[in-house]
Amino acid sequence: VEMRHPLSHRLEKFTLTRDTLLGMVRASLYAPALAAALPSALGEAARGRFDALAGLSQSLGGRNGLQMAAGMHFSVVCAEDVARPAPASAVPGIDFGVAFASLYAEVCAGWPRGDVVEAFYRIDGAPAAVLLLSGGLDPVTPPRHGERVAQALGAKARHLVVPNAGHGVLGLGCLRDVVYRFVDAATDAAALQVDATCASGVPRPPMFVMPGDAR
């Protein structure tokens, strides 16, 4: 296929595989504001024009994308996650399969990493108030993970789910104020009672047509 590079805008040719295409879609799902443009971008891709989809997939990475943090990312994930075998109950998703797992297995086979002590994986009861934040639309750490951690932390943990949020929750309008008031509370009890009803009112961005897609 031919596509203009999202940064240089130079026309380039490359082989588009199923896994590459799914990677472009997956990256956009992290932020609802980007996912709102997926219908338009996918429509363009169906007509053989992949510029919009590629641009979306690069929007979260800044000018240098993942490259700036790739080394640290692999050092952490290879040590903390890949080193532990997946539970027998872990079944690959129908759409994304094992493509990402295979990539990490290949990279981590030779990537330098530290040893993680077994206690790292144990969650004890929280001695002080803890606020856990989850986005209902998060494709990588969905609310079920936060709920499991909250149960392990015990009575002093509060799990707040923002239904229309993606992977990033802290930067959403009223959530910054909720976190501030949680940290600033005089007691654990007061922190756990901080009003967070605004979370349910965070809207999901409506679908929009990307610039230049009015054909």
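Summary of the structure given here. (Residues numbered from 1 in each chain as written. Predicted model: local features only at pLDDT ≥ 70, side-chain atom pairs only at ≥ 80, totals over all residues. Heavy atoms only, no water.)

## Structural notes on the pattern of salt bridges
This is how it is decided: Salt bridge criterion: a side-chain nitrogen from Lys or Arg within 4 Å of a carboxyl oxygen from Asp or Glu. In this description a helix means any DSSP run of H or I spanning at least four residues, a strand means any run of E spanning at least two, and both kinds are numbered starting from the N terminus. Three labels apply to residues, based on accessible area from a 1.4 Å probe with only protein chains included: buried if under 20% of the type maximum, exposed if over 50%, partly exposed otherwise in between.
For the coordinates displayed, the defined rule picks out 7 salt bridges. Across the salt bridge formed by Lys13 and Glu2, the nearest N and O atoms sit 3.8 Å from each other. You can see Lys13 sitting in strand E2 (residues 11-13) and its partner Glu2 sitting in strand E1 (residues 2-4), a full 11 residues away along the chain. The exposure class of Lys13 is exposed, given its relative accessible area of 68%. The partner of Asp177 in a salt bridge is Arg181, with the nearest N and O atoms 2.8 Å apart. A residue pair is termed a helical-turn pair when its members lie 3 or 4 positions apart in one helix, as Asp177 and Arg181 do in helix H8 (residues 173-184) at 4 residues. Through salt bridges with shared partners, a single ionic network connects Glu44, Arg47 and Arg49.

## Here we look at the state of the cysteines
For clarity, the threshold we go by: The disulfide criterion used throughout: a pair of cysteine sulfur atoms within 2.5 Å.
Tallying each qualifying case throughout the model produces 2 disulfides. At a sulfur-sulfur separation of 1.9 Å, the disulfide partner of Cys78 is Cys108. Residues Cys78 and Cys108 are joined through a disulfide that is left-handed, its torsion about the S-S bond being -80 degrees. Of this pair, Cys78 sits in helix H5 (residues 70-82) while Cys108 sits in helix H6 (residues 99-108), placing them 30 residues apart in sequence.

## Structural notes on the pairing of strand E3 (residues 130-135)
Note the threshold: Pairing between strands is defined by DSSP: at least two bridges between them are needed. Crossovers are described as right-handed under a simple rule: with the strands pointing away from the observer, the path leading from the first strand over the helix to the second runs clockwise.
Bridge count between E3 and strand E4 (residues 157-162): 6 bridges; the pairing is parallel. Residue pairing across strands places Gly135 opposite Val162, the latter belonging to E4. Where the polypeptide runs from E3 across helix H7 (residues 143-153) and back to E4, its parallel neighbour, the crossover connection is right-handed.

## What about the environment of Arg4?
We count it as follows: Any two residues whose heavy atoms approach within 4.5 Å at even a single point are treated as in contact. Counted as a polar contact is a pair of N or O atoms within 3.5 Å, where, for protein atoms, one must be capable of donating a hydrogen and the other of accepting one, and residues adjacent in sequence contribute only when both atoms are in side chains.
Tracing the backbone shows Arg4 in strand E1. Separated by 121 residues in sequence, Arg4 and Gly125 have C-alpha atoms that sit 52 Å apart. Apart from residues no more than four positions distant in its own chain, Arg4 is found in contact with His9, Arg10, Leu11 and Asp51. At 3.1 Å, the side chain of Arg4 forms a polar contact with the backbone oxygen of His9.

## A short note on the packing of H5 against H6
Each pair of packed helices gets described by two things: the angle between the helix axes and the distance between those axes. Put simply, the rule reads: Axes here mean lines fitted to C-alpha atoms, for a helix over just the part in contact, with angles spanning 0 to 180 degrees between N-to-C directions. Should an angle lie under 35 degrees it is considered roughly parallel, over 145 roughly antiparallel, and from 65 to 115 roughly perpendicular; all remaining angles are considered oblique. Residue type decides the class: Asp, Glu, Lys and Arg count as charged, Ala, Val, Leu, Ile, Met, Phe, Trp, Tyr, Cys and Pro as nonpolar, and the leftover types, Gly among them, as polar.
Packing of H5 against H6 leaves a shortest axis separation of 10 Å and a crossing angle of 105 degrees. The angle between H5 and H6 places the two elements in the roughly perpendicular class. Of the residues in H6, those touching H5 at His73, Phe74, Val77, Cys78 and Val82 are Tyr104, Val107 and Cys108. Of the residues that constitute the contact of H5 with H6, the class distribution is 7 nonpolar, 1 polar and no charged.

## Describing H7
Heads up, the rule is: The arc in question is the one traced by the directions running from the helix axis out to the C-beta atoms.
When we look at burial in H7, the residues that qualify are Gly146, Ala150 and Leu153. For H7, the angular spread of the buried residues around the axis is 60 degrees, confining them to a single face. In H7, the exposed residues that point more than 90 degrees away from the buried face are Arg144, Arg148 and Gln151. Considering only its buried residues, H7 is in contact with E3 and E4.

## A closer look at the packing of aromatic side chains
Our working definition: Any two of the Phe, Tyr and Trp rings considered here, Trp counted by its six-membered ring, make a pair once their centres fall within 6.5 Å; the pair's planes then place it as stacked at under 30 degrees, edge-to-face at over 60, or tilted in between. Here, a charge over a ring means that NZ of Lys or CZ of Arg falls within 6 Å of the ring centre while also lying within 35 degrees of the ring normal.
Across all of its chains, the model carries 3 aromatic pairs by this definition. Pairing Phe120 with Tyr121 gives two aromatic rings, centres 5.2 Å apart and planes at 90 degrees, and the pair type is edge-to-face. Taking the relative accessible area as the measure of exposure, Phe120 reaches 45% and is therefore partly exposed. Put simply, the rings of Phe74, Tyr104 and Trp111 touch in pairs and so form one group of aromatic residues. The ring centre of Tyr121 lies 3.8 Å from the NZ or CZ of Arg84, which sits over that ring.

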